[in-house]
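# Reading the structure
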Amino acid sequence: MIRCREIRKRFGSLEVLRGISLDVAAGEVVSIVGASGAGKTTLLQIMGTLLAPDGGSVEIDGTDVGRLGDRALSRFRNERIGFVFQFHHLLPEFTALENVMLPALIGRRDRAASERRALELLGMMGLADRSGHRPAALSGGEQQRVAIARALVNEPAVLLADEPSGNLDSHNREEIHRLFFELRDRLGQTIVLVTHDEGLASMTDRRITLCDGAIV
């Protein structure tokens, strides 16, 4: 589902990624771990097409994303990649349902179908009765589940998560961890997680450790 070959990235004189190659299979849950500054988030951003590599290639679900123009790349990102971040980035003026629907509406999907899909996902997250609430009325764990539902609304090929439980208390952290594996089991979702959480990393199918911009 994801194929990275010889990914390199430099910021000024600092070489952050030094020839990273890895494959992630469909339906696999993979964690990327390592010390701060090892290049984990940079690698995830390159996988997600948010950042262009200085060298190498990224292929997602058979598409070489480096060959796409700006408009095609934006469309591909909207349709095929879901993102979950440490901070929820929900829009405060919109309800949970409206926040989940946004990527579908941006992708010009049918509004009624988008609303049905969003309600289905909120139900899967245990938030069916919270769909009309704005983010300020939701707990941190609830907000992160809304963010995960939003990432899934367009049925992406891959879900990329950067420290998805790093801002949560222990109870909500465990709930979010279990949720990722439920998504894999129920939806066949391919998931790549950057995490410092040893408990989450130990649950994944495979752990990739970065040190000084290389896989060790």
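### Topic: the overall build of the protein chain
Counting its regular elements, the protein chain contains seven helices and 10 strands. Its C-alpha atoms give the protein chain a radius of gyration of 17 Å, near enough to 17 Å, the size a compact globule of 216 residues would have. Based on the C-alpha atoms only, the size of the protein chain along its principal axes is roughly 50 × 40 × 30 Å. Of all 216 residues assigned to the protein chain, the portion counted as buried reaches 50%. Taking contacts inside the protein chain between residues at least 6 apart in sequence as the whole, the part at least 24 apart equals 71%.

### Some words on the layout of surface pockets
By volume, the largest pocket is sized at about 490 Å³. Taken together, 20 residues form the lining of the largest pocket, with Arg77, Asn78, Phe83, Pro103 and Ile106 sitting closest to its centre. For the lining of the largest pocket, the secondary structure elements donating two or more residues are helix 2 (70-80), strand 6 (81-84), helix 3 (96-106) and helix 5 (140-152). Of the pockets and cavities examined, the second largest pocket occupies roughly 210 Å³. Forming the boundary of the second largest pocket are 14 residues, of which Ala52, Pro53, Val65, Gly66 and Leu73 lie nearest the centre. If you tally residues by element for the lining of the second largest pocket, the top one is strand 4 (residues 55-60), at three residues. When the residues that make up the lining of the second largest pocket are grouped by side-chain class, the tally is nine nonpolar, four polar and one charged.

### Remarks on helix 2
It helps to recall that an α-helix has 3.6 residues per turn; residues three or four apart then point in one direction. Listed in full, the buried residues belonging to helix 2 are Leu73, Phe76 and Asn78. In this fold, the buried residues of helix 2 make contact with strand 4, strand 5 (63-64), strand 6 and helix 3.

### Description of the state of the cysteines
On inspection of all chains with the given rule, the structure shows zero disulfides. Cys211 supplies the cysteine sulfur nearest to Cys4, a cysteine that is in no disulfide, at a spacing of 19 Å.

### A word on the sheet that holds strand 4
Across the sheet, four strands lie side by side as 2-1-4-5; this open sheet has antiparallel pairing. Here the strands that pair on one side only, and so sit at the sheet edges, are strand 2 (14-24) and strand 5. As judged from the two bridges shared by strand 4 and strand 5, these two strands associate in the antiparallel manner. Across the sheet, the residue bridging to Glu59 is Asp64, located in strand 5. Across the sheet, helix 1 (residues 40-47) lies against strand 1 (2-11), strand 2 and strand 4, angled at about 55 degrees from strand 2, the strand it touches most.

### Concerning the nonpolar core
Ranked by size, the top nonpolar core spans 32 residues in total, and within it Met125, Val146, Ile148, Leu159, Phe180 and Leu183 carry the most contacts. For this core, the secondary-structure elements that each account for two or more residues are helix 3, helix 4 (111-124), helix 5, strand 7 (158-162), helix 6 (170-187) and strand 8 (190-194). Top element by residues in this core is helix 5. It accounts for six residues. With sequence-adjacent residues up to four places away left out, Leu159 is seen in contact with Gly82, Phe83, Val84, Ala151, Leu152, Phe180, Leu183, Gln189, Thr190, Ile191 and Val192. With 29 residues, the next largest nonpolar core counts Ile60, Phe83, Val158 and Ile208 among its residues.

### What about the packing of aromatic side chains?
Tallied over the full model, the rule gives one aromatic pair. For the pair Phe83 and Phe85, a centre-to-centre distance of 6.0 Å together with 5 degrees between the ring planes defines the contact as stacked.

### Focus: the environment of Gly56
Turning to its location among the elements, Gly56 is positioned in strand 4. For Gly56, a relative accessible area of 48% gives the class partly exposed. On a C-alpha basis, the gap between Gly56 and Leu97 in space is 39 Å, while along the polypeptide they are 41 residues apart. Ignoring sequence-local partners within four residues, the contact set of Gly56 consists of Arg5, Glu6 and Ile7.

### Thoughts on the pattern of salt bridges
Scanning the model with the defined rule gives 14 salt bridges in all. The salt bridge partner of Glu15 is Arg8, with a shortest N-O separation of 3.3 Å. One salt bridge in this structure joins Arg80 and Asp61, with 2.5 Å as the shortest N-O distance. On the criterion of sequence distance, the pair formed by Arg80 in helix 2 and Asp61 in the loop between strand 4 and strand 5 is long-range, its members being 19 residues apart. A residue is classified by how much of its surface remains accessible, and Arg80, at 25% relative accessible area, is partly exposed. Linked by salt bridges that have partners in common, Arg3, Arg5 and Asp23 make up one network.

Basis of the calculations
- Residues numbered from 1 in each chain as written.
- Predicted model: local features only at pLDDT ≥ 70, side-chain atom pairs only at ≥ 80, totals over all residues.
- Heavy atoms only, no water.
- Helix = DSSP H or I, 4+ residues; strand = E, 2+ residues; numbered from the N terminus.
- Rg over C-alpha atoms; globule rule 2.2 N^0.38 Å.
- Buried < 20%, exposed > 50% of the residue type's maximum accessible area, 1.4 Å probe, protein only.
- Contact = heavy atoms within 4.5 Å.
- 1 Å grid on protein atoms, 1.4 Å probe; cavity = no way out; pocket = protein on both sides within 12 Å on 5 of 7 lines; lining within 4 Å.
- Points joined across faces, edges and corners; volume = space filled by probe spheres on them.
- Nonpolar A, V, L, I, M, F, W, Y, C, P; charged D, E, K, R; others polar.
- Disulfide = S-S within 2.5 Å.
- Pairing = 2+ DSSP bridges.
- Axes fitted to C-alpha atoms, helices over the stretch in contact; angles between N-to-C directions.
- Core = buried A, V, L, I, M, F, W, Y, C linked by side-chain atoms within 4.5 Å.
- Phe/Tyr/Trp six-rings, centres within 6.5 Å; stacked < 30°, edge-to-face > 60°.
- Salt bridge = Lys/Arg side-chain N within 4 Å of Asp/Glu carboxyl O.

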